[in-house]
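# Remarks on the overall topology
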Amino acid sequence: MATIGDDRDMTIDGHLAAAVPAPVHELLGALWREGHAAYIVGGALRDVAAGRSSQDWDLATSALPGETASLFEDAAYENRFGTVAVRRGDIDYQITTFRTDHEYADFRRPHRVEFGTSIAADLARRDFTMNAIAFGAEAGAEASDGAGRAPLEPRLLDPYDGLADIRAGLIRAVGEPRQRFEEDALRIVRAIRFAATLGWTIEPATLAAIRETAPLVGHLSGERIAAELEKILGADRPSIGLRLLEETGVLGAVSADLAAQRGIAQNKFPAEDLWDHTLRTVDAATNRPALRLAALVHDIGKPATAAGGHFLGHETVGAELAGALLDRLHVAASTRAAVVHLVRNHMFRYEPAWGDPAVRRFLAKIGPAAIDDLFALREADNAGSNVARHADDLDELRERIRRELASGPILDRSALAIDGADLLAELGMPAGPDVGRVLATLFDRVVENPEMNDRQELLRLARDLATAPGASTGPPGTSRELSVQLYAVREALAADLDETLGRLAAIGFRRVEPFDLLTFQNGLRDRLPAHGLAAPTAHCELLATNLDEVLDAADDIGTTILVQPWVSPDRWQTGEEIGALAAELNAVARRAAARGLRVGYHNHHFELETMIDGRHALEVFADKLDPEVVLEVDTYWAFVGGADVPALLQRLGSRVVALHVKDGDGTLDTSRQVAVGSGTLPIREIVAAAPSALRIVELDDTAGDMFEAIRASRAFLLGLDGGPA
């Protein structure tokens, strides 16, 4: 469509008259016949002048609201700004009395509105020249009525050269720009929104005034900002508006967390930072409101988690920050929930080695309704990261999920064949947390094998779970507290982390100890709570690593004690070497203490084999440690190293906060390790020598089934306390 005035055979007025819909002509005529001035104003004229179609036909009139409402049977008048809505077909047309605004003291809306009789005064109070044009006529007859009055000829009023700015694609404030923005700070955001949606340029003086008055946007209500932001995000290229928001300083008034992305390094595209990555991601996202909004805030947590070029846990922090921002913007609860859910889960990592149960658990966690948007967000994130949209085996995972959905998977506990009431009635279980624990385990079993979703089968399994040793754990800090080292199930963990954690929880464990915290951080953070598990201790390299990254990971999954898993045997040969090593760990411990975390050391056999002045090297080391540094004694390797383990534990005393309990023939051959209580080690005496230490089941290897060995080990250790807990 050509802009008006391009066709020299038709006047501008003729172009506009031809573009006006019949219902609008009818409304104008009704007002004119009653002696009122009436004009088309606003966006419709701008759009027609720019060669665009429009449904937004608004009118301004000298008639007072009551007078306007009396002319139309279906009129609705419910606001103090003088607007009457009249419905024609399926469209509501708004007719507003000429206005003069006063007292913009809060930079938001006029405290007082006066109705006027002049279209000139009404246009003078508008925001931009492109919107300060009108097409219509003053009071009079719509057509000759035989009384000698000539028909009205509507004409264009353009006192601020808005038509020229429309033709040039310029957004220019009416009058003095700063005054316009101080009257209503929403005009600042509207100017940027128009630049994004129309593809026009903000005139230099107007742009300068936006920069000067940008902080005033902080006075706006969340709803008004959100409405403009949604339109910016709905543009063909949202990055145009978003970049203007940041460059003018407006973004900082909307979200300091998003503004903080500028300058954060990202290894995505050369010479581009985190904010550039966000802009690329938003542009690449499918134009759906919640998805575009999620793309905007998907990395909002990165500035707060930036450390050493990494952003550990940024999706968790980001979900919280996104939720806070959307609360301030008063976004609808359903949209807020969807966006926060996408941000929290956008860092998922699929591995082709996942078993079908792992796919089902992923689907249950995300929910079928969010899967498409999560995949679309990842594709946009990939595009914004300079990698293929379908990288990370997304197509394969999408197909596997499609097959699972076609088979009707169990997605939450409500689909189980039994519920909590059945456990109370059929098993006599008391109401309490154990009911939820049993249902969670049943759900995990059914996800693993959907054929188990049978009432009688689930009741049988629930009965076993409710009566199994350790069905309820003792209070934290007692000798009944057990954990399991995930190194024992490392192969299963690598194949399917979620399934492995579920199996350990089904055995009865409530605590686990990760053996490589950074590698498994994301999976553990998401899946430990789902299985009712915690990781109070964790193994991670502390002396030759980015310590902040490790400390962040500990915070991320709730670990409170970080354990150095080993140090090379050549550092345990002399007292000087041991002293230097202790000094290094002490320094690490002081940094960890500032974050509320403790540091410990885990031995092997060589720390006991080496003797310094008749004492085990481990004991010499302990003497040189700060009091805050703790020990996790691997009792099997201490035995292999030649120590009297019960006596060693008594000498080390309260510094020992955890025991690795394993059994076997006492040799270096790990394949000969067996379930605790089935080997040659004096387990009863060992455990009794450190009664307050956390007992951690671990087998480095075994000839039989590892999970059965772990199950038997747990049962034996609980039996030492007098039977089921």
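Given the structure is predicted, the values throughout are model-derived calculations rather than measurements.

## Some remarks on the pattern of salt bridges
Per the counting criterion, the structure on display carries 52 salt bridges. With a shortest N-O distance of 3.1 Å, glutamate 26 and arginine 88 are connected by a salt bridge. Residue glutamate 26 is found in helix H2 (residues 22-33), and its partner arginine 88 is found in strand E4 (residues 83-88); the two are separated by 62 residues along the sequence. The exposure class assigned to glutamate 26 is partly exposed, which follows from its relative accessible area of 40%. A salt bridge links arginine 672 to aspartate 665, with the shortest nitrogen-to-oxygen separation between them at 2.4 Å. Among the charged side chains, a network of salt bridges with common partners joins Arg243, Glu246, Arg262, Asp273 and Asp276.

## A look at the nonpolar core
Within the largest apolar cluster, 107 residues are counted, with the highest numbers of intra-cluster contacts made by Ile171, Ile202, Val217, Leu242, Val250, Leu296 and Phe362. Take this core: its biggest share by element is nine residues, from helix H8 (residues 186-198).

## Thoughts on the sheet that holds strand E3 (residues 76-77)
Here seven strands make up an open sheet; going across it, the order is E3-E4-E5-E2-E1-E8-E9 and the pairing mixed. The sheet is open, and its two borders are formed by E3 and strand E9 (155-157), each paired with just one other strand. Pairing of E4 with strand E5 (residues 91-97) involves six bridges; the strand directions are antiparallel. When the sheet's bridge partners are listed, arginine 87 is paired in E5 with aspartate 92. Lying over the sheet, H2 contacts strand E1 (38-41), strand E2 (58-61), E4, E5 and strand E8 (134-137), oriented at roughly 150° with respect to E1.

## Examining the environment of leucine 518
If you trace the backbone, leucine 518 turns up in helix H27 (residues 517-527). Relative accessible area serves as the criterion here: at 27%, leucine 518 is assigned to the partly exposed category. Between the C-alpha atoms of leucine 518 and glutamate 549, which are 31 residues apart in sequence, the distance is 8.2 Å. Filtering out sequence-adjacent residues up to four positions away, leucine 518 remains in contact with Leu312, Cys540, Glu549, Val550 and Ala553.

## Side note on a nonpolar patch on the surface
Where nonpolar side chains cluster on the molecular surface, the patch consists of Leu64, Tyr77 and Phe115 and spans about 270 Å² of accessible area. Residue placement: phenylalanine 115 occurs in strand E7 (residues 112-115). Judged by its relative accessible area of 36%, phenylalanine 115 falls in the partly exposed class.

## Thoughts on the pairing of strand E16 (residues 598-602)
Taking burial as the measure, the five residues of E16 include four buried ones, the bulk of the element. Pairing between strand E15 (residues 561-564) and E16: four bridges, direction parallel. Residue pairing in the sheet places isoleucine 561 in a bridge with arginine 598 of E16.

## Digging into the side chain of glutamate 379
Position of glutamate 379 among the secondary structure elements: in helix H20 (residues 368-384). Judged by its relative accessible area of 9%, glutamate 379 is buried. Here arginine 398 takes part through its side chain, which lies 2.6 Å from a polar atom of the side chain of glutamate 379. Once you skip the residues sitting within four places of it in the chain, glutamate 379 turns out to touch Arg389, His390, Leu394 and Arg398.

## A short note on the packing of helix H26 (residues 497-507) against helix H35 (residues 706-719)
Relative to each other, H26 and H35 sit at 30°, their axes nearing to 10 Å. Relative to H35, H26 is oriented roughly parallel. Considering the relative orientation of H26 and H35, their crossing is right-handed. Counted together, Thr500, Arg503, Leu504 and Ile507 of H26 and Phe707, Ile710, Arg711 and Arg714 of H35 form the full contact between these two elements.

Calculation rules
- Residues numbered from 1 in each chain as written.
- Predicted model: local features only at pLDDT ≥ 70, side-chain atom pairs only at ≥ 80, totals over all residues.
- Heavy atoms only, no water.
- Salt bridge = Lys/Arg side-chain N within 4 Å of Asp/Glu carboxyl O.
- Helix = DSSP H or I, 4+ residues; strand = E, 2+ residues; numbered from the N terminus.
- Buried < 20%, exposed > 50% of the residue type's maximum accessible area, 1.4 Å probe, protein only.
- Core = buried A, V, L, I, M, F, W, Y, C linked by side-chain atoms within 4.5 Å.
- Pairing = 2+ DSSP bridges.
- Contact = heavy atoms within 4.5 Å.
- Axes fitted to C-alpha atoms, helices over the stretch in contact; angles between N-to-C directions.
- Patch = residues over 30% accessible without salt bridge, like charges linked within 9 Å, V, L, I, M, F, W, Y side chains within 5 Å.
- Areas by Shrake-Rupley, 256 points an atom, 1.4 Å probe, with all protein chains shown as cover.
- Polar contact = N/O pair within 3.5 Å; in protein donor to acceptor, adjacent residues only side chain to side chain.
- Parallel < 35°, antiparallel > 145°, perpendicular 65-115°, else oblique.
- Left-handed = near helix turned anticlockwise from the far one by under 90°.

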